Amino acid sequence: MTETKSARRPRRDPSGRLATIGDLVGTALAGLVTGAVLLLILEAILSLTHVSEFGATSGWLAIILPVWLFVEEFRAEGYGASRVVVALLGVGFAVAAGMTLAGFAATWFPTLVSGLAGAAGFTVVYCLIWFYGLRWLSHRVG
């Protein structure tokens, strides 16, 4: 028999942050998909009980788990001005990208789908800016 060594996923560095961009994006998107599935279940229940039409709830609600992950990443980074600067830049660019995608999708799709598109754009852009911006700034500052 061959011995298999299982690596813990997602990998974390000694400070508790996610170690690779793949781990960060993958975990954030897994949270987004989980939130989207839960939101679809909520929409189905509301539609079946005739409380509202299907697709009327904002898809932005699916972003709760990725934001929780981003808060935990922020806390794991430790104290310093670099984490605040990168987080503020990340939120600014991510909101702009998410709102742009949601605005484009809103012309053809219901609120649920356009919000999910915006939440997905927000998640990916924030992950990229947080991961690479933090490492670039920490190398730059020293």
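Residues numbered from 1 in each chain as written. Predicted model: local features only at pLDDT ≥ 70, side-chain atom pairs only at ≥ 80, totals over all residues. Heavy atoms only, no water.

Thoughts on the packing of helix α2 (residues 64-77) against helix α4 (residues 111-141)
Between α2 and α4, the least distance of the axes is 11 Å, while the angle of their chain directions is 10°. Compared by their axis directions, α2 and α4 come out roughly parallel. Counted together, P66, V67, F70, E73, F74 and E77 of α2 and F122, T123, Y126, C127, W130 and L134 of α4 form the full contact between these two elements. Residue composition of the contact of α2 with α4, grouped by class: nine nonpolar, one polar and two charged. (Axes fitted to C-alpha atoms, helices over the stretch in contact; angles between N-to-C directions. Helix = DSSP H or I, 4+ residues; strand = E, 2+ residues; numbered from the N terminus. Parallel < 35°, antiparallel > 145°, perpendicular 65-115°, else oblique. Contact = heavy atoms within 4.5 Å. Nonpolar A, V, L, I, M, F, W, Y, C, P; charged D, E, K, R; others polar.)

So, the UniProt feature "transmembrane region" (unreviewed entry) in the protein
On the UniProt side, "transmembrane region" (unreviewed entry) is annotated at positions that read residues 21-42, 54-71, 83-106 and 112-134 here. For residues 83-106, helix accounts for 100% and strand for 0%, while the C-alpha atoms at its two ends are 33 Å apart. Note that residues 112-134 is 100% helix and 0% strand, and that its end C-alpha atoms are spaced 32 Å apart. (UniProt positions renumbered as here; feature names shortened; annotations may be inferred.)

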